[in-house]
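Breakdown of the fold
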Amino acid sequence: QLDKKTGAEKPLTEQQKQNLGYKTDLLAILAAGKARTATELLKEVPTFPEDMSNQRVSQLLRQLILDGKVKKETVKGKTLFTIAEGV
């Protein structure tokens, strides 16, 4: 019962496993150096399914920002994403 309260490690769901792969692909594209918008990344990542939405890409990017792997900046009204320094 103590394990339930402390939040013992749970196995990853299928969706979480997919998202990890997508995040790895996003980081690989961003590592090329050029800042990109979420829409550009949506078009450039080859492993994304046809029905992948811009909102889902933005959510994955937000998670990477919280992890400190990606940084976001706004230039002339466009939100651009780049790889964080030291990653």
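Numbering of residues begins from 1 in every chain and follows the order in which that chain's sequence is written. Given that the model is predicted, a residue must reach a pLDDT of at least 70 before its local features are reported, and side-chain atom pairs must reach 80 or more before they are shown or counted; all residues, however, enter totals for whole chains, interfaces and linings. To obtain the side-chain values, all non-hydrogen atoms of the structure were used and water was disregarded.

Regarding helix α2 (residues 14–30)
- Starting at the N terminus, helices and strands are each numbered in turn, a helix being any DSSP run of H or I of at least four residues and a strand any DSSP run of E of at least two. Given a helix with a known number of residues, its expected span is that number minus one, times 1.5 Å. If you check α2, its first and last C-alpha atoms are 25 Å apart, about what 17 residues at 1.5 Å a residue would give, namely 24 Å.
- The elements touched by buried residues of α2 are α3 (38–44), α4 (54–66), β1 (70–75) and β2 (78–83). Throughout, a residue-residue contact means that at least one pair of heavy atoms, one from each residue, lies within 4.5 Å.

Comments concerning the pairing of β1
- Pairing between strands requires that DSSP locate at least two bridges from one strand to the other. Here 6 bridges tie β1 to β2, and the two strands are oriented antiparallel to one another. The residue of β2 that forms the bridge with Thr74 is Thr79.
- Turn length for the β1-β2 hairpin, with the two strands adjacent in sequence and antiparallel, is 2 residues, and the turn residue Lys76 shows positive phi of about 50°.

Brief notes about α4
- With 13 residues, α4 extends 18 Å between its outermost C-alpha atoms, agreeing within 8% with the 18 Å of an ideal straight helix rising 1.5 Å per residue.
- For the exposure calls, accessible area comes from a 1.4 Å probe over protein chains only, and a residue counts as buried if that area is under 20% of its type's maximum, exposed if over 50%, partly exposed in between. Listing the buried residues of α4 in full gives Val57, Leu60, Leu61 and Leu64. Projected down its long axis, α4 carries its buried residues within an arc of 100°, all on one side. α4 presents Gln55 and Leu66 as exposed residues on the side facing more than 90 degrees away from its buried surface.
- Next to the buried residues of α4 lie α2, α3, β1 and β2.
- Looking one or two residues past α4, Gly68 carries a phi angle of roughly 80°, positive in sign. Picture the helix axis, draw a direction to every C-beta atom, and the arc is the one those directions span.

Observations regarding the confidence of the model for the protein
- The quantity called pLDDT is the predictor's confidence in a given residue, expressed from 0 to 100. Model confidence for the protein is summarised by a mean pLDDT of 87, while 89% of its residues fall at 70 or above.
- Ranking the elements of the protein by mean pLDDT puts helix α1 (residues 2–6) last with 53 and α4 first with 95.

Quick notes on the pattern of salt bridges
- The salt bridge criterion pairs a side-chain nitrogen of Lys or Arg with a carboxyl oxygen of Asp or Glu, the two atoms within 4 Å. In this structure the tally under the stated criterion is 2 salt bridges.
- We note a salt bridge from Glu44 to Arg36, for which the minimum N-O separation is 2.7 Å.
- Between Lys71 and Glu85 there is a salt bridge whose closest N-O contact spans 3.9 Å. Pair noted here: Lys71 is in strand β1 and Glu85 is in the segment after β2, with a separation of 14 residues, a long-range link.

Observations concerning the nonpolar core
- Only buried Ala, Val, Leu, Ile, Met, Phe, Trp, Tyr and Cys residues count toward a nonpolar core, and they belong to the same one when joined by side-chain atoms within 4.5 Å. Leu26, Leu41, Phe48, Val57 and Leu61 are the most contacted members of the largest nonpolar core, which totals 16 residues.
- Listing elements by their share of this core, those giving two or more residues are α2, α3 and α4.
- Tallying contributions element by element places α2 first for this core, with 5 residues.
- Not counting chain neighbours up to four residues away, the residues in contact with Leu41 comprise Leu26, Ile29, Leu30, Arg36, Phe48, Val57 and Leu61.

Considering the packing of α2 against α4
- Working convention: axes come from line fits to C-alpha atoms, limited for helices to the stretch in contact. Angles between N-to-C directions cover 0 to 180 degrees. α4 packs onto α2 with a crossing angle of 80° between their chain directions and a minimal axis gap of 10 Å. Put simply, α2 runs roughly perpendicular to α4. Note on element contacts: α4 touches α2 through Arg56, Val57, Leu60, Leu61, Gln63 and Leu64, opposite Gln15, Gln18, Asn19, Tyr22, Lys23, Leu26, Leu27 and Leu30.
- Note on residue classes: Ala, Val, Leu, Ile, Met, Phe, Trp, Tyr, Cys and Pro are nonpolar, Asp, Glu, Lys and Arg are charged, and everything else, Gly too, is polar. Per-class residue counts for the contact of α2 with α4 are 8 nonpolar, 4 polar and 2 charged. Convention used here: angles under 35 degrees read as roughly parallel, angles over 145 as roughly antiparallel, angles from 65 to 115 as roughly perpendicular, and any remaining angle as oblique.

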